[in-house]
Amino acid sequence: MEKGETKTMKYEPVIGLEVHVELNTKSKMFCRCFADYFSKEPNTHTCPICLGLPGALPYTNKEAITKCIQIGLALNCKIVDLSRFERKNYFYPDLPKGYQISQYRWPLCVEGWLEVEDKEGNVSKIRINRVHQEEDTGKLTHSDGQTLIDFNRSGVPLVEIVTEPDFTDPSQVKDYAKKLQQIFRYLSVSNADMEKGDMRLEANVSVRPVGQKELPNYRVELKNINSFRFMTAAIEYEIKRQIEALEKGEKLTQETRGWNEDKRETYLQRSKEEAHDYRYFPEPDLPELKMKSEEERVKEEMVELPQAKMQRFVSEYGISKQNAQVLVELKEVGYYFEKAVKLGEAQQIKPQELANYIVNQKITLASQDQVLRAVEFIAAKRVGIIEDEAVIKKIVLEVIKKNPKSVEDYKRGKLNALQALIGGVMRKTQGKVNVEKVMVVLEKKLKSGDTP
Amino acid sequence: MSLKECLRKGKIMDLTKLTLIETIKGLKERQFSEVELNRAYRERMKKLNPSLNVYLWAKENGTEGIPAAIKDIIVTKDISTTAGSKILEGFVPPYNATAVDRLLEKNISVIGKTNCDEFAMGSSGENSAYGPTKNPWDLTKVPGGSSSGSAVAVASDMCVFALGTDTGGSIRQPSSLCGVVGLKPSYGRVSRYGAIAMASSLDQIGPLTKTVADARLVLEWISGKDGYDSNCQNSEFKVQSSELKKDLKGVRVGVPREYFGKGLDEGVEKVVREAIKKLEKLGAEVVEVILPHTEYGIAVYYIVMSSEVSSNLAKFTGIRFGKTRDKFGSEAKRRIMLGTFALSTGYYDDYFAKAAKVRTLIKQDFAKAFQKCDVIVGPVSPTTAWNLGEKVNDPLKMYLSDAYTIPASLAGIPGLSVPCGFSEGLPVGLQILGKYMDEETILDVAESYEQATSWRKVKPKL
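Remember, it's a predicted structure, so these values are computed and weren't measured experimentally.

(A) Structural context of the overall build of chain A. Along its length, chain A carries 14 helices and 16 strands. Considered along the principal axes of its C-alpha atoms, chain A spans approximately 95 × 55 × 50 Å. Counting every position in chain A, which comprises 452 residues, the buried fraction comes to 39%.

Encoded structure:
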């Protein structure tokens, strides 16, 4: 952040985040149309229900509900016993029913949390207010003074995740969004591709004097920002703008702003006067959702999440935390790492070696083949490798004896000399020696002055 | 004498006088053909529709199936469906309502789409944008509403039976005012898929028929689980094959004090009380019950219903249907305004949330009453059919005419109207309400009564 330390003395940011994620279910939220709309012929994945035709009724997609609960559980939420859909009433041409089926008073998941890190590595807990289920709208395309509507996206399941205003720094927001994306992909509930609009961020940003406990009496909503980077930039800009405004004695009000990447500034989209009254009420077309038995069922089928997997890798395989973190970044890598560990066991390949190899080679093990290759590679390298320290000591002493000049150079501080001596050992063993052990023995001998 | 012989001897000149069950039997026994049947109804329709204004759309050259009339708020594939509104003029749905599909499977054909109050909002049929339907018993009177056209189509033999929708009495009340049988099933018994929504938590499709047995059969056809209506599950209704009990021994009939109070027309009361006496004579045990929250029914209904209306009618815009919202009639506009207000921030708790609570109390009233009885009986409407135009400018007076039908709608329980006599030459219906998902008992009681009386045989002179 570029706001400067002197300003944080006076004001601190208060940031809350709303994340929409489109689920990758087979069919839409309330009808049987295919949910996959990406680059499909417009208005081909539609039916009376998602077109909002008179007489049509919604029918809940259970797969979506399961995925919503998985997200809730991954975010440490309570799953409520009784949930309800509600209607959010507003007019927009991409909303064929004149209302969106959403949740307001009875969300599926409540009171969760997620730990985030800021850029300095400080960890803090962000409280999750709710995780709820809703549906997407159609898509408008404006061109040549005309507006076209494509309803392929209408009714695609969306999950909304709302935090409490617990963020105090844009770097936390970025970490949170990345962690969410990782969770969605781990759970296989969404591709969570920002550019395709699978995952959308909205930030509520305001600032308050340091020490003030109450929330500010306004908030600025940042909307329609489709990358982590732009969102971070927009929040940083907004914090600066608001602090400057307050310092000038201006009064800030509720408004919605967008991000102009060319000018690198936020701009006003809608002011408070234009705010909607959504007139939420229980969706009479859908029965209540009784979740009591559902929670247990979904819990049993939950996959291991990145944080838990990372900790398990450290304790179970004795690998470093840094390596474990890299290995769990993508679900597939962690999965194949464990496969490789199993395969390597027979050849006494240590998990740490495999972890090093995968991390250093930056390979994303994507197939069974690559797993086998990794194990074979390490195993092959190790055939006939001299590990016995006594043997190594003997060879090292021979090399030292034959290269008095290099020893002299080393003693005079020439570091290249060490390389030359190692090279000697390697030549003598045709490279089949544990280099790390050679280095240890060599340095010990040279430092002790224990030379012939 | 067989039907065929009757026909031959000219004793029954008109196939349109047959009930649904008689029609099925006649076709099965080849006493007449589907072509003859359709021709008879078409001729009847041609003769009467101009004066009664029943059909908004009618089939020109139907030759197949058993002709049924469908309320124009129920969507029919490739057949225009207006919901009685100018805003949907020219709208041709690309799909059938589930109930319509189920009828088509039973060799029923759609002979016409019947007139109704705009989006089923009205108690007289006068809120139709296509002019009011007339009462066949007296053309200067309203037929009731909102299933005005469906009730008149049955009463005037312009169809074998009809489908209507009932949100606060829209099947039962016009049935009562036109002297036919009308059944509002339990909420969730019949799929609402394809019934253009007025108030989603109340709407229900049901049959209007010439006899109780016909209503029972149509209910069997259209009821049952539908993968397109989440509120319609475990809802199959089967006609019991056992013989109808002639008497009502062992049946406890509850008479609610609140349905016989101020506002009930004397003539109607007399007819209904006589009908209750008849039930007693048939062996029923009559007990008095109380439904203490009845007086709040209309207030609760007008908040819940109009709230849902305001949301359900939001989709009708020029963008999708080509007609701007000023095409809504005044009653539609009134309810959109009422509902929008009741749901607004700052009013939701005082109106919608409170109404939802009172609705629960009304439901509990019925649950308690049904501990003492098997069915509840009373009038359907406080009056017989009134003059066209009489209440048009007095919405509140119009709303009050639904006082006896609304509570059952709010509770989601089944109710029917069966003809039980006349007051000053106009039909009066007996309302029979039952426990949730117990259509069986109300149909049994209604049929026993119907078979022990001869009201069904009295037809309007047209």
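(B) Quick look at the overall build of chain B. In terms of regular secondary structure, chain B is built from 15 helices and 11 strands. Here the C-alpha atoms of chain B give a radius of gyration of 21 Å, agreeing with the 23 Å that 2.2 N^0.38 yields for 462 residues. Dimensions of chain B, computed from C-alpha atoms along their principal axes, come out at roughly 70 × 55 × 45 Å. Looking at chain B as a whole, 59% of its 462 residues qualify as buried. Considering only intrachain contacts with a sequence separation of at least 6, the fraction spanning at least 24 residues in chain B is 76%.

(C) The arrangement of the nonpolar core in detail. In this structure, Val131(A), Ala68(B), Ile74(B), Cys159(B) and Ile432(B) are the most contacted members of the largest nonpolar core, which totals 209 residues. For Val131(A), the contacting residues outside a window of four places in its chain are Cys68(A), Ile71(A), Gly72(A), Leu75(A), Cys77(A), Pro107(A), Leu108(A), Cys109(A), Gly112(A), Val159(A) and Ile161(A). Grouped together as the second largest cluster of nonpolar side chains are 17 residues, Phe337(A), Ala355(A), Ala374(A) and Val375(A) included.

(D) Fine view of the interface of chain A and chain B. Contact residues are listed per partner, giving 23 residues for chain A and 30 residues for chain B. Of the residues assigned to the side of chain A that touches chain B, the class counts are 13 nonpolar, 5 polar and 5 charged.

(E) Structural detail: the pairing of strand β13 (residues 255-260) of chain A. Residues and elements named next belong to chain A. Across 3 bridges, strand β12 (residues 220-225) lies against β13 in parallel orientation. Paired with Val220 across the two strands is Glu255, which belongs to β13. When β13 meets strand β14 (residues 265-271), the two strands line up antiparallel, connected through 6 bridges. Note that in β14 the partner of Asn260 across the bridge is Glu265. Between β13 and β14, which pair antiparallel one after the other, the connecting turn spans 4 residues, and Arg264 there sits at a positive phi close to 55 degrees.

(F) A look at the sheet that holds strand β8 (residues 285-289) of chain B. Residues and elements named next belong to chain B. Taken together, the 11 strands give an open sheet; going across it, the order is β1-β3-β2-β4-β6-β5-β10-β11-β9-β7-β8, and neighbouring strands pair in mixed fashion. Of all strands in the sheet, those bounded by a partner on one side alone are β1 (55-58) and β8. Direction aside, the axes of adjacent strands within the sheet are offset by 30 degrees on average. When strand β2 (residues 66-71) meets strand β3 (residues 108-114), the two strands line up parallel, connected through 6 bridges. Of the residues in β3, the one forming a bridge with Pro67 is Ser109. Relative to strand β4 (residues 161-166), helix α5 (residues 148-155) is tilted by about 155 degrees, and along the sheet it contacts β1, β2, β3, β4, β5 (181-184) and β6 (204-209). Helix-sheet contacts for helix α8 (residues 266-281) involve β7 (252-256), β8, β9 (375-379), β10 (415-423) and β11 (426-434), and the interaxial angle to β10 is about 115 degrees.

(G) View of the packing of helix α7 (residues 212-222) of chain B against helix α15 (residues 439-452) of chain B. Residues and elements named next belong to chain B. One way to put it is that α7 packs onto α15 with a least axis distance of 9 Å and a crossing angle of 155 degrees. In this view, α7 runs roughly antiparallel relative to α15, as classed from their interaxial angle. Regarding α7 and α15, the two cross each other, and that crossing is left-handed. Residues Val212, Ala213, Ala215, Arg216 and Leu219 of α7 touch α15, and the partners they reach there are Glu439, Leu443, Ala446, Glu447 and Glu450.

(H) Region of interest: the domain arrangement of chain A. Taken as a whole, chain A is organised into domain 1 (5-299), domain 2 (304-382) and domain 3 (389-448). Using C-alpha coordinates to define each centre, domain 1 of chain A is positioned 35 Å away from domain 2 of chain A.

(I) Structural detail: α7(B). Residues and elements named next belong to chain B. Of all 11 residues in α7, 9 are buried, a share of seventy percent or more. Turning to α7, its buried residues number three or more, namely Val212, Ala213, Asp214, Ala215, Arg216, Leu217, Val218, Leu219 and Ile222. At the exit of α7 stands Gly224, carrying a positive phi of roughly 110 degrees.

(J) Seen up close, the sheet that holds strand β4 (residues 86-89) of chain A. Residue and element names in this part refer to chain A. The strand order β5-β4-β15 describes an open sheet built from 3 strands, whose pairing is antiparallel. In the strand order of this sheet, the two ends are held by β5 (99-102) and β15 (281-282), each with one partner. Pairing geometry for β4 and β5, over 4 bridges, is antiparallel. Residue pairing for β5: Asn89 is matched across the bridge by Tyr99.

(K) Here's a closer look at the environment of Thr405(B). Residues and elements named next belong to chain B. Looking at where Thr405 falls in the secondary structure, it is placed in the loop between α13 (395-400) and α14 (406-411). Owing to 29 C-beta atoms within 10 Å, Thr405 belongs among the buried residues under this scheme. Taking the C-alpha atoms as reference, Thr405 lies 4.9 Å from Gly169; in sequence the two are 236 residues apart. Excluding residues that lie within four positions of it along the chain, Thr405 makes contacts with Gly168, Gly169, Arg172, Gln173 and Val380.

(L) How the structure looks around the pairing of β2(B). Residues and elements named next belong to chain B. Across the 6 residues of β2, 6 count as buried, placing the element largely inside the fold. Here β2 shows two buried faces, one formed by Ile66, Ala68 and Ile70 and the other by Pro67, Ala69 and Lys71. The parallel pair β2 and β3, bridged by helix α4 (residues 98-105), forms a crossover whose chirality is right-handed. As defined by bridge partners, β2 adjoins β4 across 3 bridges and the pair is classed as parallel. Note that in β4 the partner of Ala68 across the bridge is Phe161.

(M) Spotlight on the confidence of the model for chain B. Of the residues in chain B, 96% reach a pLDDT of 70 or more, and the chain-wide mean stands at 95. Scored as a complex, the prediction yields pTM 0.88 and ipTM 0.95.

(N) Structural context of unusual backbone geometry. The omega angle of the peptide bond from Gly145(B) to Ser146(B) is 10 degrees, so this bond is cis rather than trans. Take Ser146(B): it is sitting in the loop between β3 and α5. With phi around 60 degrees, Asn76(A) is a residue other than glycine that occupies positive phi space. In this fold, Asn76(A) is placed in the loop between α2 (62-74) and β2 (78-79).

(O) Local environment of the packing of helix α3 (residues 170-187) of chain A against helix α4 (residues 228-247) of chain A. All names here are of chain A. Where α3 contacts α4, the axes come no closer than 9 Å and their chain directions differ by 155 degrees. In this view, α3 runs roughly antiparallel relative to α4, as classed from their interaxial angle. Between α3 and α4 lies a crossing of right-handed hand. Residue-level inspection shows Pro170, Val173, Lys174, Ala177 and Lys178 of α3 in contact with α4, the latter providing Phe228, Met231, Thr232, Ile235 and Glu236. Of the residues that constitute the contact of α3 with α4, the class distribution is 6 nonpolar, 1 polar and 3 charged.

Calculation criteria
Residues numbered from 1 in each chain as written. Chains lettered and ligands numbered in written order. Predicted model: local features only at pLDDT ≥ 70, side-chain atom pairs only at ≥ 80, totals over all residues. Helix = DSSP H or I, 4+ residues; strand = E, 2+ residues; numbered from the N terminus. Buried ≥ 20, exposed ≤ 12 C-beta atoms within 10 Å, placed from the backbone. Rg over C-alpha atoms; globule rule 2.2 N^0.38 Å. Contact = placed C-beta atoms within 7 Å. Core = buried A, V, L, I, M, F, W, Y, C linked by C-beta atoms within 7 Å. Nonpolar A, V, L, I, M, F, W, Y, C, P; charged D, E, K, R; others polar. Pairing = 2+ DSSP bridges. Axes fitted to C-alpha atoms, helices over the stretch in contact; angles between N-to-C directions. Parallel < 35°, antiparallel > 145°, perpendicular 65-115°, else oblique. Left-handed = near helix turned anticlockwise from the far one by under 90°. Domains from an automatic or database assignment. Right-handed = clockwise from strand over helix to strand, strands pointing away. pLDDT = per-residue confidence, 0-100.

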